[in-house]
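Geometric and topological summary
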Amino acid sequence: MTASNLSSMTGFARNEGTASGLSWAWEIKSVNGKGLDLRCRLPPGFEALEPRLRQAAQTGLQRGSLQIALNLDRSAVEAEVRVNQALLHRYLEAAQALVEQGAAVPTADGLLGLRGVLELRDPEETLDREERDGLLLAAFGEALAALKQARQVEGARLASLLRERLDVLADLVEQAQACAEVQPAALRARLERQVAELLEASPALPEERLAQEAALLAVKADIREEIERLEAHIASARDMLRQDKAIGRKLDFLCQELNREANTLCSKAQDIRLTEIGLAMKSTVEQFREQVQNVE
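This structure is a prediction, so every number in the text was calculated from the model and none was measured. (Residues numbered from 1 in each chain as written. Predicted model: local features only at pLDDT ≥ 70, side-chain atom pairs only at ≥ 80, totals over all residues. Heavy atoms only, no water.)

1. Some words on the overall build of the protein
So the rule is basically this: Per the convention used, a helix needs a DSSP run of H or I reaching at least four residues, while a strand needs a run of E reaching at least two, with both numbered from the N terminus. The buried label applies to any residue whose accessible area, calculated with a 1.4 Å probe on protein chains only, is under 20% of its type's maximum; exposed applies above 50%, and partly exposed to all values in between. Residues count as neighbours in contact if any of their non-hydrogen atoms are within 4.5 Å of one another. Accessible areas in this description were obtained via Shrake-Rupley with a 1.4 Å probe; residue shielding takes into account the shown protein chains only.
A tally of helices and strands in the protein yields 8 helices and 6 strands. Mapped from its N terminus to its C terminus, the protein presents α and β elements in the order β-β-β-α-β-β-α-α-β-α-α-α-α-α. Within the protein, the fraction of its 296 residues that count as buried is 35%. Long-range contacts, defined here as pairs at least 24 residues apart, represent 80% of the contacts in the protein between residues at least 6 apart. In the form shown here, the protein has an accessible surface area of approximately 17300 Å², with 51% of it arising from carbon and sulfur atoms.

Listed below in structure tokens is the structure:
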């Protein structure tokens, strides 16, 4: 099978990580789109990351509708316990005054149980914002690379399906060509019968006029140009599938051209067999087009 760097627009990737008490999970889902459309769902306070996410995505992708989500969990590491020394010192001064007045000496657990003496420090606070954002963006880059890989795997499958449809279409073109080669003789025989019937019904009808009409019908039934254009379009599509770049829009346009030629061939068909071939072409082109909608 010919190698292909075709990329699909559908894919999914997830990246998880933990650092200094901050646990994250990036999820990127990609589906078909006319252009590159990003929708970001970020936790409050992380909105500033969005422009950089868009820039990273635009660098590596050209088409697709992306849904990007960042989920955070700060409970992966236990919070740090700190003693508020300044507040504890004030409590001790107040307790000392009470002890001098006859109150019991306070215990350590009693002092630590006083409101505000013990503090739980959020693990995320051990990272400054620049370091935190750097870690998250690096993880997003890994998720984006995984998404591109998933889209390329799907693209390889698409390329195989597209080549199969092109092979079927090429075979139908050959069958149409074979019909076209025998069509003039069949058309001539039919016209001779019709002319004989017309002359019998209307002997005064000029034979020259009949010859002109016969020639006009033969020209209208000639499908050689359609055959040549179909062959050229198929060759062009095969060449595109070997290219290392986004070709989805070009293939979509080529589908329109293929369908136009198949329609013209059907309209010119002078026998049932050629009509059947033309209809099969239209069906195959539609199958090809459906798969092309997934190509980046």
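2. Description of the pairing of strand S3 (residues 36-41)
Each regular strand displays side chains that alternate between the two surfaces of the sheet. Here is the rule: Think of it this way: DSSP has to see at least two bridges between two strands before they count as a pair. When the strands point away from the viewer and the path from the first strand over the helix to the second turns clockwise, the crossover is right-handed.
For S3 and strand S4 (residues 64-73), the ladder comprises 6 bridges, and the chain directions are parallel. Residue pairing across strands places Leu38 opposite Leu66, the latter belonging to S4. Taken together, S3, helix H1 (residues 50-60) and S4 form a β-α-β motif whose crossover is left-handed.

3. A few points about the confidence of the model for the protein
Our working rule: Confidence of the predictor at the level of single residues is captured by pLDDT, which takes values from 0 to 100.
Put simply, the protein has an average pLDDT of 84, and 80% of its residues get 70 or more. Per-element averaging of pLDDT across the protein places helix H5 (residues 207-220) at the bottom with 60 and S3 at the top with 95.

4. Points about the packing of helix H6 (residues 224-241) against helix H7 (residues 248-268)
To keep things clear, this is the line we draw: Only C-alpha atoms enter the line fits that serve as axes; for helices the fit covers just the stretch in contact. Angles between N-to-C directions range over 0 to 180 degrees. The cut-offs work like this: below 35 degrees is roughly parallel, past 145 is roughly antiparallel, 65 to 115 is roughly perpendicular, and the gaps in between are oblique. Throughout, a crossing is termed right-handed when the near helix is turned clockwise from the far one, and left-handed when it is turned anticlockwise from it by less than a right angle.
At a closest axis distance of 10 Å, the pairing of H6 and H7 adopts a crossing angle of 160 degrees. Considering the angle they form, H6 stands roughly antiparallel to H7. As for the relative orientation of H6 and H7, their crossing is left-handed in sense. Two secondary-structure elements touch here, H6 through Glu226, Ile227, Arg229, Leu230, His233, Ile234, Ser236, Ala237, Met240 and Leu241 and H7 through Lys250, Leu251, Leu254, Glu257, Leu258, Glu261, Thr264, Leu265 and Lys268.

5. Concerning the pairing of S4
Note: strand S2 (residues 22-31) against S4, 9 bridges, orientation antiparallel. Paired with Ala25 across the two strands is Asn71, which belongs to S4.

6. Overview of a nonpolar patch on the surface
For clarity, the cut-off: Like-charged residues are merged into a patch within 9 Å and nonpolar side chains (Val, Leu, Ile, Met, Phe, Trp, Tyr) within 5 Å, provided each residue has over 30% relative accessible area and no salt bridge. Criterion for a salt bridge: a side-chain nitrogen of Lys or Arg within 4 Å of a carboxyl oxygen of Asp or Glu.
Taken together, the side chains of Val81, Val83, Leu112 and Leu118 define a hydrophobic patch exposed on the protein surface, amounting to about 310 Å² of accessible area. The topology assignment puts Val83 in strand S5 (residues 80-83).

7. Brief notes about H7
Because each turn of an α-helix spans 3.6 residues, side chains separated by three or four positions end up pointing in the same direction. What counts is decided by this rule: To estimate how far a helix should reach, multiply one less than its number of residues by 1.5 Å.
For H7, spanning 21 residues, the distance from its first C-alpha to its last is 31 Å, which sits close to the expected 30 Å at 1.5 Å a residue. Of the positions making up H7, those classed as buried are Gly248, Leu251, Leu254, Cys255, Glu257, Leu258, Glu261, Ala262, Leu265, Cys266 and Lys268.

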